[in-house]
Every structure is written in structure tokens, then in C-alpha cells.
Amino acid sequence: MKNSLALDLEAKTLKLIFPFCINIHPWREIVPGRWRGVIQNSVWTLSQDDAGVTYQTHNAPEPSQCKRGESRPRAKKLKIEGATFDDSLNGQSNEINETEHEKILRDYFQLNVCLEEMYRQWSKADNNFAAVCSSFPGVRMLNQDPVENVFSFICSSNNNIKRITMLVEKLCTLYGHPLAEVDGTMWHAFPNVSSLAAPGVEATLRDNGFGYRARYIQKSAEMILAKGGEAWLHSLKKLPYPECHAELSSLCGVGAKVADCICLMSMGHLEAIPVDTHVFQIAARDYLPHLRSCKTVTDRVYKEIGDHFRKVFGEYAGWAHSAGPHASFCTTICLCSLKTE
């Protein structure tokens, strides 16, 4: 079953070019400009042209008013950031309230944030951002499931993007339930925590090429279960940024940078700055020249870099830095405007 929705969003508001990032349920470019992936246990196909953005859901859960297996014909317009959502199906129309699909996309792309205004503010705050932002229009920080991010980032340890993608897909195939077969490809949900904490997971993952990460995955899953399961992980969103970061850092295989990635991309802490080698190089080159003599990123250096960018960009510092100077490196930040390898 497929439902379609057209979103009249300009590239400066949202630009769909998904990378095979290490921190998202893998997206695949089916044909140029058309992407397929999983959001909230449904398979989605997203595409963009001059007319706007269109999505399709494949075997997605329907609203409670619909019978199982039926699509709900509808037509709807919804205003967002000066853009119009135009929802239609098979030429039939019925006015309804905001659909669950729209809510999911609003949340996933954080469409409540006026990106044009943010770009203007960030350009005023930082000349380096102003110099590069025109090359990266429509960059949106995705709001992703924390379970996916925790275990995907554990897979990323000392790895390249191609191999990380392969490991995340293996994790889904081995322990995630099937969602839908689309164009001959079976898509799986991301595994839940209990399935990754089950006896024998480490051994199975080692047999499938995860190496030492296999122990981190099973151990972190066990730790999350002991703390209250997925409910505990989601509850961290309510904590202030420093406390949320500290709790995440207590998990096996989760260091300061990974904890910041999860804070930024899953916990609503858009001020979080994941400091990797590239961010350190940018900071030392363009912002904090006294760091050029530092050979390693110590805890003190890590905090100094994060604090500096938070001072420059404010509460959206992580998003701003990812959309500006850091975007040109095409590294671990999950964005919608970076190109694949």
C-alpha cells in the first residue's frame, strides 16, 4: 500500500540528499533524486524536484479509522515555513485533520524550525558560516530514534562509512523484524534493545564481522535494560544537556563524542557539539589558534571547543556548526544536504 503527499518545500527549506551516514537507519538512493529508508518502523520513499518534496509510505500503519490493508483517500493543505503541504490520493478528497504521516515528517525533519531565519542569524554570528552556507542550503538536523543512534554509533567505532552502513544493515537483518518488501528488497526495522541483549548476540555479531563492537553492543543493551529499557533511554530527553551527556557516556562503547552525537540527533540538545578530528582541525584553524600546538583532544580541549561554538551560535550550536564549516568535511553529522560517496 502506498500513500503519497507532496510538500511544496524549496531547497533552502529542505534539501534531500541523504548520505550513508553512520548514525541513521541506512537510506538508499534508488534512482537519482529518490531515496528509500525507514522512519518509525515504516518504509518511506522520498524524492525532490523543482515542484517540491514527495513521499510514499510502503505498508505503513494506517490511522485507526482505516481498516487493515486499506488506504485512506484524502486531500489536505498545511502551511509550514511559508510552504504548502498538498496531500492527495487517486484524485479523491476529504478534508481531515493533520495526518500521522505529516506529524512524523514534521518531527523527523524538525520542520518547526524556520531554517531561513536560523541561517540569517548564524551568518551574522560567524563570518565562516556566512562564507560557506550558500553551498549547503536546506541542511536539517534529523530527529532520530535514540536506540538507533546508540547502536549505530557503536558500530561506527574506528570504521569507514561504507563498512558502518554494512554493519547497521546486518544488525537490522539479524535482529530486526521485517517491515516490507519493496521492489524486491526486504526492509527490516531497527532491533529493539531486548533483542540485542539476548544471550549469544555477541558471538553471532562476531561471526558476522562486528569484531570488538559485538561486545559493546550486547553489553550496552544489557545496561540499558538494567536501567529501565528503552523507556529509560527516551527519558533522558527530559534531562539538562550535561546530565543527559553523562548518562549516555556511562554506556559501554559510548565516549564523549558519541554521547554528543546522540544528544544532538536524538535528545533535542541542539547545542551539543560532537568534537571529532575534523571539528578539532576547524576550531584550531579558524577559531582557537592556540590549540594548534595540541597533539590530542583532551577532555579540556574537547570542552573548550564545544563551549566556544555554543558561545558563537547559542542554543542551536550543533546544528549551526554542522550546516556550516563542518558540513564541508562530510563527516559523521547526519545531514540532509551532504552527498554520498
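Residues numbered from 1 in each chain as written. Predicted model: local features only at pLDDT ≥ 70, side-chain atom pairs only at ≥ 80, totals over all residues. Heavy atoms only, no water.

### Details of the packing of aromatic side chains
Within the structure shown, the criterion is met by 12 aromatic pairs. Each ring, one from Trp122 and one from Phe129, has its centre 5.5 Å from the other, and the planes form 80°; the classification is edge-to-face. Phe129 carries the same exposure label as Trp122, and that label is buried. Judged by centre distance (6.4 Å) and plane angle (50°), the ring pair of Trp122 and Trp319 falls under tilted. Taken together, the residues span a long stretch of sequence, with Trp122 in helix H2 (residues 115-125) and Trp319 in helix H14 (residues 317-323) at a distance of 197 residues. Here the two residues Trp122 and Trp319 agree in accessibility, since each one is buried. Three or more aromatic residues joined by ring pairs form one cluster here, namely Tyr119, Trp122, Phe129, Tyr287, Phe309, Phe313, Tyr316 and Trp319. (Phe/Tyr/Trp six-rings, centres within 6.5 Å; stacked < 30°, edge-to-face > 60°. Buried < 20%, exposed > 50% of the residue type's maximum accessible area, 1.4 Å probe, protein only. Helix = DSSP H or I, 4+ residues; strand = E, 2+ residues; numbered from the N terminus.)

### Observations regarding the pattern of salt bridges
Taken as a whole, this structure holds nine salt bridges when the rule is applied. Put simply, Glu117 and Arg120 hold a salt bridge, and the shortest N to O gap is 2.9 Å. In this pair, Glu117 and Arg120 both sit in helix H2, three residues apart, roughly one turn of the helix. Residue Glu117 is classed as partly exposed on the basis of its relative accessible area of 28%. A relative accessible area of 45% means that Arg120 is categorised as partly exposed. For the salt bridge of Asp286 with Arg285, the shortest nitrogen-to-oxygen distance reads 2.7 Å. Looking at Asp286, the relative accessible area reads 32%, which means it is partly exposed. Note on Arg285: relative accessible area 49%, which makes it partly exposed. Salt bridges sharing partners connect three or more residues here, namely Lys303, Asp307 and Arg310. (Salt bridge = Lys/Arg side-chain N within 4 Å of Asp/Glu carboxyl O.)

### Structural notes on the nonpolar core
One finds Trp122, Phe151, Leu171, Ile217, Leu233, Leu248 and Ile305 to be the most contacted residues of the largest nonpolar core, which totals 69 residues. Among the elements that line this core, the one with the most residues is helix H11 (residues 256-266), at seven residues. Setting aside its immediate chain neighbours within four residues, Leu233 contacts Pro146, Val147, Val150, Ile224, Leu248 and Met267. Counting 12 residues, the second largest nonpolar core, distinct from the first, contains Trp44, Ile104, Tyr108 and Leu111. (Core = buried A, V, L, I, M, F, W, Y, C linked by side-chain atoms within 4.5 Å. Contact = heavy atoms within 4.5 Å.)

### Concerning H2
Listing the buried residues of H2 in full gives Leu115, Met118, Tyr119 and Trp122. Each buried residue of H2 lies within a common arc of 100° when the element is viewed along its axis, so the set occupies one face. Against the buried residues of H2 lie helix H3 (127-132), helix H13 (299-313) and H14. (Arc of directions from axis to C-beta.)

### With respect to the packing of helix H4 (residues 146-155) against helix H5 (residues 161-175)
With their axes 9 Å apart at the nearest point, H4 and H5 run at an angle of 130° to one another. Between H4 and H5, the angle falls in the class oblique. At the point where H4 passes H5, the crossing takes the right-handed sense. Between H4, through Phe151, Ser152 and Cys155, and H5, the contact on the second element is made entirely by Ile164, Leu167, Val168 and Leu171. Of the residues contributing to the contact of H4 with H5, the split by class is six nonpolar, one polar and no charged. (Axes fitted to C-alpha atoms, helices over the stretch in contact; angles between N-to-C directions. Parallel < 35°, antiparallel > 145°, perpendicular 65-115°, else oblique. Left-handed = near helix turned anticlockwise from the far one by under 90°. Nonpolar A, V, L, I, M, F, W, Y, C, P; charged D, E, K, R; others polar.)

### Some details on the layout of surface pockets
The volume enclosed by the second largest pocket comes to roughly 470 Å³. Forming the boundary of the second largest pocket are 26 residues, of which Gln40, Asn41, Asp145, Glu148 and Phe190 lie nearest the centre. Only strand E3 (34-39), helix H1 (100-108), H4 and helix H9 (230-235) provide two or more residues apiece to the lining of the second largest pocket. (1 Å grid on protein atoms, 1.4 Å probe; cavity = no way out; pocket = protein on both sides within 12 Å on 5 of 7 lines; lining within 4 Å. Points joined across faces, edges and corners; volume = space filled by probe spheres on them.)

### Thoughts on the pairing of strand E4 (residues 42-49)
Where E3 and E4 come together, six bridges link them in antiparallel fashion. Bridge pairing in E4 links Trp35 to Leu46. The turn linking E3 back onto E4 is made up of two residues, and Gln40 within it adopts a positive phi angle of 50°. For E4 and strand E5 (residues 52-58), the ladder comprises seven bridges, and the chain directions are antiparallel. Its bridge partner lying in E5, Trp44 is registered against Thr57. (Pairing = 2+ DSSP bridges.)

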